[in-house]
Amino acid sequence: MADICTQGVDTGFVGLGFAKVAFLGLVQGITELLPISSTAHMRIVPAVLGWQDPGSAFSAAMQLAALAAVVSYFWGDVRDLLFGSFAALARSDFADRHFRLALWIVLATVPIIIAGVALSGVLNTCNSPLRSLTVIGWACIAMAVLLGFAEIFARHRRTMADASRADALLVGVAQIGALIPGVSRSGSTLTAALGLGFKRAEAARFSFLLGLPAIALAGLKELWELHKVHLDAHGWSVLGLGLLVASISAFFAIWGLMRVLERFSAWPFVIYRGVLGVVLLVGVAMGWLV
C-alpha cells in the first residue's frame, strides 16, 4: 500500500479502500461536471465523515472519468469535430466550421497548459495550500457571485453556430480558474459562456467541448505521475474502481445539468455554491472542519 504522500504525490485515496473510494467516485463524478466544484466536495465529504482526504492526485486522475462522460454524452459533436476536421484538412478546406472549431479548441487549451505548468509546484503536491478549506470556501462564494451576475445580465440568445475564435479564447482563459480548488472547470467556463450571451444549454455544450483537451491532459498527466512514483497494484485497482463509478455518475450528472439549464436556469447552482462556501468558512472558523 502506498503512503499518503509518495515522493511528493498525494496518494491519500489508497488508504481509503474500495468501498470508500467507490462512494467518493460517485460524489466526484456528480460534482465534477456540475458547476459546484468537485474539489470542494472531495474535501468536505471526507472531513464530515471523518475519512482521510483522498488527495489531489485522486481528483486529477478522475478527470478521465469526466472525459469519458463528456465524450459519450456529446458523441455526435465529438464525432463531427474529429471526422469533419480531418475531412476538411484532407481537402484543404480551412474555412470548414468543424475544422475551425477544432482549431479554436486547441488554441483555447494553451492558456490553461501555461498556467498549469507555472503552478505545477503547488497544484497536486502534498499539503498544497490551495486545497485548504478556506481557499475553497472563498472560491465557491466568488464563483457563485460571478455565475449569478452572468444569469442576471446575459442575453441567452447565441448558439454554438455563432461561436467565434474570440469566444473560444475567452472561455479558454476562464478555464484557468479551474486550477484553483473550489472554482470548478464547469463553473468557470459555463459562467464565461453565459457572459458571452450563449443560451444556457448551448453555453454548457460549448464549455464541455472546449474543455475536452484540458480534461484529457490533466487526467493523463496524473496517471503518469502515479506511474512514476510506482503506485502498486492495490492502488491502481482502488483508483480503477473510483474511475468506473465516477464515469457512470458523471454521465448522469451531465444529463441532469442539461435538463436544468434547458428548463430552468443556473440559479440552483448559484444558491448551492454560495451556501456551500459559507458552510465551509463557518465550519473552519468554528473548528468543525479542518
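What you are looking at is a predicted structure, and each value in this text was computed from that prediction instead of being measured. (Residues numbered from 1 in each chain as written. Predicted model: local features only at pLDDT ≥ 70, side-chain atom pairs only at ≥ 80, totals over all residues. Heavy atoms only, no water.)

Enquirer: Hey, could you go over the side chain of Gln175 for me, with residue numbers and the actual values?
Expert: Secondary-structure assignment places Gln175 in the loop between α9 (165-174) and α10 (185-195). With residues near it in sequence (within four places) discarded, Gln175 still touches Ala108, Ile112, Arg185, Ser188, Thr189, Leu210, Gly211 and Ala214. (Helix = DSSP H or I, 4+ residues; strand = E, 2+ residues; numbered from the N terminus. Contact = heavy atoms within 4.5 Å.)

Enquirer: Give me unusual backbone geometry: which residues, what numbers.
Expert: Backbone geometry follows two general trends: most residues other than glycine have a negative phi, and most peptide bonds adopt the trans configuration. Located in the positive-phi region is Ser92, a residue other than glycine, with phi close to 60 degrees. Along the chain, Ser92 turns up in the loop between α5 (75-90) and α6 (97-118). Despite not being glycine, Ser184 has its phi angle at roughly 85 degrees, a positive value. Structurally, Ser184 is set in the loop between α9 and α10. On the basis of relative accessibility, which here comes to 8%, the residue Ser184 falls in the buried class. (Buried < 20%, exposed > 50% of the residue type's maximum accessible area, 1.4 Å probe, protein only.)

Enquirer: How would you explain a nonpolar patch on the surface if you had to name every residue and give the values?
Expert: A grouping of Val145, Phe149, Ile152, Phe153, Trp267, Ile271, Val275 and Val279 is seen on the molecular surface, where their side chains present a nonpolar patch of about 790 Å² in accessible area. Listed by contribution, the elements that provide at least two residues to the nonpolar patch are α8 (133-153) and α13 (267-286). With respect to the element layout, Val145 can be found in helix α8. (Patch = residues over 30% accessible without salt bridge, like charges linked within 9 Å, V, L, I, M, F, W, Y side chains within 5 Å. Areas by Shrake-Rupley, 256 points an atom, 1.4 Å probe, with all protein chains shown as cover. Salt bridge = Lys/Arg side-chain N within 4 Å of Asp/Glu carboxyl O.)

Enquirer: Tell me about the packing of aromatic side chains, residues and numbers included.
Expert: Applying the stated criterion across every chain yields a total of 9 aromatic pairs. Judged by centre distance (5.9 Å) and plane angle (80 degrees), the ring pair of Phe23 and Trp51 falls under edge-to-face. In this pair, Phe23 is assigned in helix α1 (residues 17-32) and Trp51 in the loop between α2 (38-49) and α3 (56-61), connecting sequence segments 28 residues apart. Taken together, a centroid distance of 6.0 Å and an interplanar angle of 25 degrees make the contact between Phe149 and Phe153 stacked. Placement of the pair is Phe149 and Phe153 together in helix α8, with a separation of 4 residues, close to one helical turn. Among the residues examined, Phe153 registers a relative accessible area of 63% and is labelled exposed. Put simply, the rings of Tyr73, Phe74, Phe208, Phe251 and Phe252 pair up and form one aromatic cluster. Over the aromatic face of Phe198 sits the side chain of Arg158, whose NZ or CZ is 4.5 Å from the ring centroid. (Phe/Tyr/Trp six-rings, centres within 6.5 Å; stacked < 30°, edge-to-face > 60°. Lys NZ or Arg CZ within 6 Å of the ring centre and 35° of its normal.)

Enquirer: Break down the pattern of salt bridges for me, with residues and values.
Expert: This model, assessed by the stated rule, comprises 11 salt bridges. Across the salt bridge formed by Glu151 and Arg200, the nearest N and O atoms sit 2.8 Å from each other. Residue Glu151 is found in helix α8, and its partner Arg200 is found in helix α11 (residues 200-228); the two are separated by 49 residues along the sequence. Classification of Glu151 as buried rests on a relative accessible area of 7%. The salt bridge involving Glu202 is made with Arg205; its shortest N-O contact spans 3.1 Å. Residue Glu202 and its partner Arg205 are both found in helix α11; the two are separated by 3 residues, about one turn of the helix. For Arg205, a relative accessible area of 22% corresponds to the partly exposed category. Each of Asp77, Glu202 and Arg205 takes part in salt bridges that share partners, so that together they form one network.

Enquirer: Account for the nonpolar core, naming residues and giving values.
Expert: Membership of the largest hydrophobic core comes to 44 residues, with the highest contact counts inside it found for Leu33, Phe206, Phe208 and Ile254. For this core, the element with the most residues is α11, which contributes 9 residues. Apart from the residues within four sequence positions on either side, Phe206 is in contact with Leu101, Met160, Ala163, Asp167, Ala168, Val171, Ala193 and Phe198. Grouped together as the second largest cluster of nonpolar side chains are 30 residues, Val14, Met62, Cys140 and Leu276 included. (Core = buried A, V, L, I, M, F, W, Y, C linked by side-chain atoms within 4.5 Å.)

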